[in-house]
Amino acid sequence: MSEKTASIPSGSVINPARRRLMAGGATVIAASMTGLAKAAGTGNAPATPAAPGKPLPPYVAWKDPNAMIVHTGSTLETRRSAFGTSIITPSEQLYIRNNLPAPDASIVADRDGWEISVEGVKHPRTLTVKELKTLGLETMATVLQCSGNGRGYFPSKPSGTAWQVGAAGCVVWSGVPVRVVMEALGGMVDGAVYMTSTGGEKLPDGIDPKSVMVERSVPRSAMADALLAWEMNGVPIPLAHGGPLRLIVPGYSGVNNIKYIRRLAFTAEQTDAAIQRTGYRISPPGQKGDPSQPSVWEMSVKSWINSPAPESGPVPGGLVQIKGVAFGGIHAVQGVEVSIDGGKTWQTAKFVGPDLGRYAWRQFVLPVKLSAGTHTLACRATDAKGNRQPEERMENAAGYNNTSWRDHALTIHVV
Ligand SMILES: Nc1nc2c(c(=O)[nH]1)N[C@H]1C(S)=C(S)[C@@H](COP(=O)(O)O)O[C@H]1N2
Ligand SMILES: [Mo]
């Protein structure tokens, strides 16, 4: 659908506030269940201070503890300093965001036996992963990014995890194109406008299922490159990342990429699950989410610097390789510029490494000579349609879609 849905027109910037240097004031939400309500701008649970060095929760004990910032049991972020320069984010370093507790490990005991119900097609039916594997195969790299990535830079401190840059990664997926499955089942029913997908979590008893279930609708056009994926970075998708089967909607923000998918339906309406109806909406500051507001769907062009970074300590003066990532979201990324004077002047950086396609990110590097003192580094990317990363964030109640280059600037000390 239209790009208005998720991109941030600079004209709608409301009350641009002064940039705030990160970290100290970061707050996190207390639990995933309240997180859902708070992401929707409706909750009012007290925030708890971030506790650096929290242990990895048991279900992701296999993650690299040195690479992760554990905000809560359901929100783990990749440390900026952990991002490497060879494009793909290793699974042990990839962020985690769960709106509900992850399902029991028993669901990956028989991966090929996992069933998905496909509805809103001429011949609706249930298919096992084993059957899906007979229908087709595609592999692609996508940037998986939470819509709240960069929320930590909002001076308004919206409710929800104060992610910096690490609620994102570049991941390779293998699976069957959704389009192929849809065609194999006779095509979409008339009147289908959305692709609606349901996560396989067990819902808590005694709560209205619609208030907690992870069920999202995206425009049916998002199906063009969508996958039902069973493999991630060369291995079966870990349970925590959505195994045995995950919907991948390239160019769409994280929440639309449904983990442990158990139902995929072509529907006339968007789901009325709270996570769609009021959650993940671009709401004006101070307002609650509602269906008239844009949903977090397509991602916009974005980049950030991973090195050098303040958290890695003082930088020795002389020749320095400024390194980072840039991606276009729904469009390919075209280029990226870097500033070493806080955005006064810009130089074109060089992309390095293979181009893994429109939905992947690219690594960039710019060699510069830095003298002793304080320097503010910034970067701004441009996509293939000519959209450039804006200077200012678009204020919104839940702190979504922060692509501001100024918010992402880094002040480093060169010695
Ligand atoms: N079934 C299900 N799918 C889900 C979620 C969830 O809680 N349950 N969280 C969504 C959100 S908000 C994000 S950002 C991504 C996180 O994916 P990851 O945990 O694999 O990094 O998954 C999305 N898909
Ligand atoms: Mo997310």
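Above this text you will find the structure in question.
Residues numbered from 1 in each chain as written. Chains lettered and ligands numbered in written order. Predicted model: local features only at pLDDT ≥ 70, side-chain atom pairs only at ≥ 80, totals over all residues. Heavy atoms only, no water.

Attention now moves to the pairing of strand 3 (residues 68–72). For strand 3, the tally of buried residues reaches four of five residues, placing the bulk of the element in the interior. In this sheet, strand 4 (residues 75–78) lies alongside strand 3 in antiparallel orientation, the contact comprising four bridges. By the bridge assignment for strand 4, Ile69 is matched with Glu77. Taken together, strand 3 and the strand that follows it, strand 4, pair antiparallel across an intervening segment of two residues. (Buried < 20%, exposed > 50% of the residue type's maximum accessible area, 1.4 Å probe, protein only. Helix = DSSP H or I, 4+ residues; strand = E, 2+ residues; numbered from the N terminus. Pairing = 2+ DSSP bridges.)

Our next topic: the site of ligand 1. Lining the immediate environment of ligand 1, one finds 20 residues, of which Tyr95, Asn99, Glu201, His241 and Lys259 sit closest. Between Arg97 and ligand 1, the recorded distance is 3.0 Å, taken from a backbone N or O atom to an oxygen atom. Within the side chain of Lys259, one N or O atom sits 2.6 Å away from an oxygen atom of ligand 1. When isolated, ligand 1 has an accessible area of 530 Å², and the protein chains bury 100% of it. When its residues are assigned to classes, the shell around ligand 1 shows 10 nonpolar, six polar and four charged. (Near = heavy atom within 4 Å. Polar contact = N/O pair within 3.5 Å; in protein donor to acceptor, adjacent residues only side chain to side chain. Areas by Shrake-Rupley, 256 points an atom, 1.4 Å probe, with all protein chains shown as cover. Nonpolar A, V, L, I, M, F, W, Y, C, P; charged D, E, K, R; others polar.)

Among the structural elements, Gly353 can be located in the loop between strand 20 (350–352) and strand 21 (362–370). Residues Gly353 and Ile87 lie 266 residues apart in sequence; the distance between their C-alpha atoms is 7.6 Å. With residues up to four places along the chain from it excluded, the contact list for Gly353 reads Ile87 and Arg362. (Contact = heavy atoms within 4.5 Å.)

This part covers the sheet that holds strand 16 (residues 302–307). Taken together, the four strands give an open sheet; going across it, the order is 16-17-21-20, and neighbouring strands pair in antiparallel fashion. Only two strands of the sheet have a single neighbouring strand rather than two, namely strand 16 and strand 20. Shown here is a sheet whose adjacent strand axes are inclined to one another by a mean of 35 degrees, direction ignored. The sheet contact formed by strand 16 and strand 17 (residues 318–327) spans five bridges and is antiparallel. Pairing of Ile305 across the sheet is with Gly324, part of strand 17. (Axes fitted to C-alpha atoms, helices over the stretch in contact; angles between N-to-C directions.)

A separate point is the packing of aromatic side chains. Tallied over the entire structure, the rule returns nine aromatic pairs. Relative to Trp163, the ring of Tyr95 has its centre 6.1 Å away and its plane inclined at 80 degrees; by these criteria the two rings are edge-to-face. Taken together, the residues span a long stretch of sequence, with Tyr95 in the loop between strand 4 and strand 5 (96–97) and Trp163 in the loop between strand 8 (138–145) and strand 9 (168–177) at a distance of 68 residues. Across the pair, Trp163 and Tyr95 agree in class, each one buried. In this structure an aromatic cluster arises from ring pairing among Phe83, Trp304, Phe327 and Trp361. Its guanidinium or amino end placed over the ring of Trp346, Arg380 lies 4.1 Å from that ring's centre, counting from NZ or CZ. One cation-aromatic arrangement involves Arg393 over Phe154; the distance from NZ or CZ to the ring centre is 5.7 Å. (Phe/Tyr/Trp six-rings, centres within 6.5 Å; stacked < 30°, edge-to-face > 60°. Lys NZ or Arg CZ within 6 Å of the ring centre and 35° of its normal.)

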